[in-house]
Each structure stands twice: as structure tokens, then as C-alpha cells.
Amino acid sequence: MGQVIKAGEKTITVADNAGFCFGVKRAIEMAEKTADASSETVYSMGPLIHNDTVTDDLARRGVKIISDLDEVSGDDSVVIIRSHGEAEKLYLEAEKKGIRLVDATCPFVERIHKLVHETDAPVLIVGNEKHPEVVGIAGWCKDQVTVVSSYDDTLIKCKGYKPETPIFVVTQTTIREAMLNEVLGALDEMNIPYELHNTICSATSKRQEACEELAKKSDLMLVVGDKNSSNTNKLFEISKKFCQDTFFVENLTELPLQAVTKCNRIGLAAGASTPVCTIKEVITTMSDVALERELTMDDLMEDIDKSLRLPRSGEIVEGKVHQVNEKEVIVNLGCKKDGILPASEVSLEEGQTLADVFKVDDEVQAKVIKTDDVDGGILLSKKKLEISANWGEIVKALEDKTVLEVKVTRTVNGGVIADYKEVSGFIPLSQLSDHYVENAEEFVGQTMEVRVSRVDQRRNRAVFSHKQFLNEERDKIIAEIWDKLNVDDVVEGTVMRFTDYGAFVDIGGIDGLLHISEISWGKLKHPQEALEIGQKINVKVLSMNAEKGKISLGLKQNTPEPWSVIDDKYEVGQVIEGKIVQIKEYGAFVELEPGLDGLVHISEVAHKRVANINDELTPGQVVNAKILEIDKDRKRISLSIRETVAPPAEEEAEAPAEDAE
């Protein structure tokens, strides 16, 4: 059935296969990697997926949406093909214009492109003719292609159609099986022969089946996703058919909170383009509202108090101390019940007792916790009175947008409880950090700065956000860095993470990309050959792109380019020690130092004739070699291994005889 979340009496069930499908997730990862690695503008042929949250995030990374290749500018620009795929003509046009493509077409869609491109038969596509996936598929067909979406549509568009060969039928990956069956029924009725290739994605079918099953068992259904998403709209249609109270939720502002409070069995389905974080935020908000709306014992006691005309729960009362003992203070409140102030509700210093603080006839102000008919007293609290003052501070922090320091005490459903002095507040899981949090337990016991998001003092509810504080602090740091930093500055940084194309270095609160080609004057296969995670290095700022928030760094620039100082270190006739880095048929390349290689020609390997250089040398081997020539104009160094070793004795003995000849 899917993940089940309990929120008081409510049950929130998430349908199986909700959220990103394989193809969408793959496309987003490819786009993020491309954007992070590129210092130039990265383009996307149309929105990568139908989801504003993801699209906005990619835009912040520097991905610009276009509808035509004519919008591309810059020699090194990159265009991402989204998961829906594109027509063949776009690939040909990109090749003609010299535009580099990153193809993130879903492999299942790519398979359809191949199928229709290889057939000579007329093609019938079952799907929405305006959907970008269908437009792309049609663009790979050789000849006649027809797009249909229903029984009636097929009867109209295929009327009188008598193909010489069976028509080639494929489907949009996200349609319902029922649509395909309608179309096939129409073809059978018209006696049109066909060859079926059912290319509906299994993940789509499973997502729709799970949505239908859950809708049948729910009082209320939420379909989460972008309203431009075809597959999300289909989920909404399916859910609405089986659950009357079905709502399309694009973001938290559209969450039907009033309807949620009235239903106990809530189902949630999400389209293939809906991020996991959006689903989690919807669940967290619903759980929060459900818990807030639960009727507590305090609410019941307040109703009873009203009928008895006693102080209500939460009311601040005054009275005189009537009696003091070790466990409690009895307070005369001037009504038919005495107030009981337990030691646990008084802030006592270490070693203090109630008798040290309270005397008979002292005036006492306290807050009513509960009216208790069982033992005839009204439960009071001095701590809760102090809390009222703390509430004032929290409300002021909300109004003034100031920061509070809280301590996380425990985890609850959807987040954690954090204390500000005597007040407990809620931090949703999505607001605990500026990155995705899998397990909130790691935050228990931590003290952190927060912004106040919401206050409901009547229900004693405060909502905090550590994420907002972190984002604001990061923005400040980034702004300061951009103000102070200039191209050609050398700054200290910390190696944070590796990719195949380089390393990301933290230079005081913002990451810069140290491309693999800028790490060493020599060639590296992977940045970890020269660097370690956590390593402190001095890097040079090579370029800054404030619009995209990207900084390119260099490490090798801190040392002279080897050829620029070669005369200071090397000369003809010198014997050096180096490592074999590459072997060719004609010789071996020896690394004198990173960025400086010399060639040992095969004739200079040994005193004997060498037929196969691999028999004599191996990559990684350390050898001694003599410098025969240094050509600075062509940047070439000729080396000899044979001149560093004495010739064999037998060869020396034969030399006079050869001379005599």
C-alpha cells in the first residue's frame, strides 16, 4: 500500500511509486552535474520536467530554458535534452552548429525513437499529440505518422485507412492502459491490421494502479505535483473517479487544511516529476495541523471550568499562601477551590526548598494549569507564568525577524521539539537543516539558532526554522566573499568533495570548482591522485560568474610552469630520475616532474636492438635517463636510458673486429 504516517487519530498513506521516476531522476542528476561543471551558460530544451520547484533550482544553478537552438549563444555552451526527448532534426541542427548536447532522454523514450526510426511501416502513436514526448517520437518517424488519444479520435483519423502493411503502433510512456485498449478496439472494429509495441512505462502503470487502490480506501486524496505535468493530471483523474474529495496540490498554499482536519484516512499520490522534498513538506504540514487540531484534556477541563465559574486553564491568577510543605504550596484564590502549586512547577535553585521561597500570607501570582475536581484543587504553575514572558520574547522575535537560540530535546512525527527557555516549539524536518535530513535523531541535544516561522500562543504552538537562519547566514557570507574576492587572488581553501572532472573547494563559506586540468601541470586521471578530502590548499581565483554564483579556481598556477624555468633545473648531459608514464611503439615517455615529460626513443632504451619496448619497460617504472636534447620551441626533451648504463662486455670485445671490417 505504501508508507503510512500516523498523526494523532489520522492516518496519512503515501501511494507506492510516488515521486520521481527513474528517467526524471537521471535527467535532473545529469543537468545538475553539467551545470556545476560548466563555467559557461547551460541551456535546457524546454523545462527539464514539469515542476516549478525543480526548474527554479536549476535556474539558480545557471540552467536557462530555451525553445530553439537559435537562442544559444557562446562557443562553449551546452544544451541539455530533457527526459521527454527531442526530434532527430534537433540533433542534426546541433551538430551543424557545433553545439554540444547532453542527452538526458529517458532510456525508455529513447527505445521508442529507435523503434519508429527503424520501421518502414506507417506509425500510429497513442498519446497526446501536444505532449513533448509525443512530438519527439513523431520527429523520429520516417514517413507517415498519426497520433490518436481515444476511440473516437481513432475512428476519425484512421477512417478509410487501408495500409499495405500492418501499421506500427507505439505509445506515449505515461498514458493509461485504458487509452491504448480504446484505440486498439477502434482499429479492430475498422479491420485495420497493426503491429503493437506497448511502450507504456511500467512505473507509470504501477503508479496509476497504486493511486487507484489508495483512492478507493481513503476519505480524502491529495495528488501532489505540477499542474502542467501530464502524468500528474492523469493521477488526479483516476483519484477523482474513486474518491470524491480529491485535491490537486501544486504547493503548500493549495493544501486544503480545513478538509484535512475533517478526514482521518488521507491518501497521497504524486507524479513522476514531483520532488521528494515537496512530498515530505506536504506530509509534515498535514501532520502538524492534525496534531494541533486534536482535542486535549486541557480543552475539556476548560469547558468544565466555565460551567463552574472557576479560573480557566491558562489564566493568570493571584492569591495568598495558605500553607507550605515539602511537596507543594496551598494558595487561597478567593474561590471555592484552593490553588495547588507543586514544587515541580517552581523554578528552584540547587538546594532550595519551597519554604525558602514562600511564606504564609505571601502574595503569589501563578498560571492555572488545570482545574482538578478529584482532589479539590486548582493546579498552578510559576514556571508557566515565566513561560508567558518567554512567549512575549518569541512573538517579538517573529515581528522583528530576530534570531533565537533553542535546544533540540526530542524527535516527534515530522520533525523535532526544541526549547526556548521554558517554551517548547516545533521544527519541521524540512526546516532542520539546509540539506535533506534523513534522521532527526542526530540533532537531539544540539543548540541552534532559529527564526520564528509561526506563533499560536492560544494553543501554545511555536514553529521555528533553522534552515532559514542557515540560508540567511550563508547569503551574508557569500555576499561578503563576492565583495572581497577578485580574479587572480590567492586564497586558502578546503577540499570538500570530488567529481570525475575536478574538486570542489570551500574558500570560506562558498564552494569553487577546481577543474582537474587546473590541479597540476601534469596529467591526472582523477583529482584524488593529487588531493585528499579535508586537505588545506592555496588556490588562485581564475574566473568569477556572479550571475551564476560560480567561481573557477586553479592550483597549478601557484608553481611555475615547468617549461618556463627549465633552464634553471635541467641541461643537456644531465642524468635525471623519472617515472615511465606512457609507452608507445616508438618509445617511452618519462615524467621528470608534473607537466614535464621526455621521450626515450626505442633506439635509446638499451645497447641491444629492441623489437618490443614492452619487454624492456613498464608504466610506473622508475628509471635513470640522460638528457640528449632540450627543444624549448617545440617543448620536447629527448632522453636516453642506454647512455646511463655500461655496454655489455661481449659487445665491447666484438667492437675491434667490426672496426677491422
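A. Highlighting the overall build of the protein chain. On a plain count of helices and strands, the protein chain comes out with 17 helices and 33 strands. The C-alpha radius of gyration of the protein chain comes to 37 Å, more than 25% above the 26 Å expected for a compact globule of 661 residues. Considered along the principal axes of its C-alpha atoms, the protein chain spans approximately 135 × 85 × 45 Å. Nonlocal contacts in the protein chain, meaning residues at least 24 apart in sequence, comprise 64% of its contacts between residues at least 6 apart. Of the roughly 34,800 Å² of accessible surface on the protein chain, 47% is carried by carbon and sulfur atoms. Seen as two clouds, the 79 positive and the 117 negative side-chain charges of the protein chain have centres 6 Å apart.

B. Inspection of the sheet that holds strand S8 (residues 145–148) at higher detail. The strand order S8-S7-S9-S10 describes an open sheet built from four strands, whose pairing is parallel. Only two strands of the sheet have a single partner each, and these edge strands are S8 and strand S10 (194–196). The mean angle between the axes of side-by-side strands here comes to 25 degrees, regardless of whether they run parallel or antiparallel. Across four bridges, strand S7 (residues 123–126) lies against strand S9 (residues 167–171) in parallel orientation. By the bridge assignment, Val 126 is partnered in S9 with Thr 171. Taken strand by strand, helix H4 (residues 107–118) contacts S7 and S9, and its axis lies near 170 degrees from that of S9.

C. A look at the pairing of strand S23 (residues 461–465). Among the five residues that make up S23, four are buried, leaving the element largely enclosed by the rest of the structure. Two strands pair when backbone bridges link them, and strand S22 (residues 447–456) and S23 are joined in this way by five bridges, in the antiparallel orientation. Within S23, the residue paired with Val 452 across the bridge is Phe 464.

D. Spatial organisation of the environment of Lys 234. Tracing the backbone shows Lys 234 in helix H9 (residues 230–242). When its relative accessible area of 12% is taken as the criterion, Lys 234 is described as buried. Note: C-alpha distance between Lys 234 and Arg 176 (58 residues apart in sequence) is 7.9 Å. Not counting chain neighbours up to four residues away, the residues in contact with Lys 234 comprise Gln 172, Thr 174, Ile 175, Arg 176 and Gln 208.

E. Focus on empty space enclosed by the protein. Enumeration over the complete set of coordinates arrives at one cavity of 30 Å³ or more. Considered as a void within the structure, the largest cavity measures approximately 50 Å³ in volume. What lines the largest cavity is simply Ala 31, Ser 44, Leu 48, Thr 55, Leu 58, Val 63, Ile 65 and Ile 80. Those elements that place two or more of their residues in the lining of the largest cavity are helix H2 (52–60) and strand S4 (63–66). Here the lining of the largest cavity is built from residues that sort into six nonpolar, two polar and no charged.

F. A look at the sheet that holds strand S25 (residues 502–506). With respect to topology, five strands assemble into a closed barrel ordered S24-S25-S26-S28-S27, the strand pairing being mixed. Geometrically, the sheet is characterised by an average inter-axis angle of 50 degrees between neighbouring strands, direction not taken into account.

G. Here's a closer look at the pattern of salt bridges. Taken as a whole, this structure holds 22 salt bridges when the rule is applied. Note that Lys 396 and Asp 400 form a salt bridge whose closest N and O atoms lie 2.6 Å from each other. You can see Lys 396 and its partner Asp 400 sitting in helix H14 (residues 382–400), four residues apart, about one turn around the helix. Residue classification places Asp 400 among the partly exposed residues on the basis of a relative accessible area of 40%. A salt bridge links Lys 476 to Glu 473; the nearest nitrogen and oxygen atoms lie 3.3 Å apart. Residue Lys 476 and its partner Glu 473 are both found in helix H15 (residues 466–484); the two are separated by three residues, about one turn of the helix. Residue Lys 476 is classed as partly exposed on the basis of its relative accessible area of 46%. One network of salt bridges, in which partners are shared, links Glu 32, Asp 36 and Arg 61.

H. Structural context of the environment of Thr 559. Here Thr 559 is to be found in the loop between strand S28 (550–554) and helix H16 (566–569). In this structure, the C-alpha to C-alpha distance between Thr 559 and Trp 521, residues 38 residues apart in sequence, is 8.9 Å.

I. Region of interest: the packing of helix H8 (residues 202–216) against H9. Where H8 contacts H9, the axes come no closer than 8 Å and their chain directions differ by 25 degrees. By the angle class used here, H8 and H9 are roughly parallel. Considering the relative orientation of H8 and H9, their crossing is right-handed. Contact residues: H8 offers Arg 207, Gln 208, Cys 211, Glu 212, Ala 215 and Lys 216, while H9 offers Lys 234, Leu 235, Ile 238, Ser 239 and Phe 242.

J. The environment of Leu 90, seen in detail. Among the structural elements, Leu 90 can be located in helix H3 (residues 88–97). Given the relative accessible area of 8%, Leu 90 is considered buried. Distance from Leu 90 to Gly 136, taken between C-alpha atoms, is 9.6 Å for residues 46 residues apart in sequence. Ignoring any residue separated from it by four or fewer positions in sequence, one finds Leu 90 in contact with Met 45, Leu 69, Ile 81 and Leu 101.

K. Summary view of the pairing of S7. A two-sided burial pattern is seen for S7, the buried positions comprising Val 123 and Ile 125 on one face and Leu 124 and Val 126 on the other. Sheet analysis places S7 next to S8, joined by four bridges and oriented parallel. Looking at the pairing, Val 123 lines up with Val 145 of S8. Tracing the backbone out of S7, into helix H5 (residues 132–138) and back to the parallel element S8 gives a crossover that is right-handed.

L. Molecular detail of the nonpolar core. Of all hydrophobic cores here, the largest spans 23 residues; its most connected members are Leu 617, Ile 637 and Leu 639. Those elements that provide at least two residues to this core are strand S29 (575–584), strand S30 (587–593), strand S31 (596–601), strand S32 (622–631) and strand S33 (636–640). Grouped together as the second largest cluster of nonpolar side chains are 21 residues, Val 416, Val 423, Val 450 and Phe 464 included.

Conventions we followed
- Residues numbered from 1 in each chain as written.
- Predicted model: local features only at pLDDT ≥ 70, side-chain atom pairs only at ≥ 80, totals over all residues.
- Heavy atoms only, no water.
- Helix = DSSP H or I, 4+ residues; strand = E, 2+ residues; numbered from the N terminus.
- Rg over C-alpha atoms; globule rule 2.2 N^0.38 Å.
- Contact = heavy atoms within 4.5 Å.
- Areas by Shrake-Rupley, 256 points an atom, 1.4 Å probe, with all protein chains shown as cover.
- Lys, Arg positive; Asp, Glu negative; His and termini not counted.
- Charge placed at Lys NZ, Arg CZ, Asp CG, Glu CD.
- Pairing = 2+ DSSP bridges.
- Axes fitted to C-alpha atoms, helices over the stretch in contact; angles between N-to-C directions.
- Buried < 20%, exposed > 50% of the residue type's maximum accessible area, 1.4 Å probe, protein only.
- 1 Å grid on protein atoms, 1.4 Å probe; cavity = no way out; pocket = protein on both sides within 12 Å on 5 of 7 lines; lining within 4 Å.
- Points joined across faces, edges and corners; volume = space filled by probe spheres on them.
- Nonpolar A, V, L, I, M, F, W, Y, C, P; charged D, E, K, R; others polar.
- Salt bridge = Lys/Arg side-chain N within 4 Å of Asp/Glu carboxyl O.
- Parallel < 35°, antiparallel > 145°, perpendicular 65-115°, else oblique.
- Left-handed = near helix turned anticlockwise from the far one by under 90°.
- Right-handed = clockwise from strand over helix to strand, strands pointing away.
- Core = buried A, V, L, I, M, F, W, Y, C linked by side-chain atoms within 4.5 Å.

Shape descriptors only; they carry no functional weight alone.
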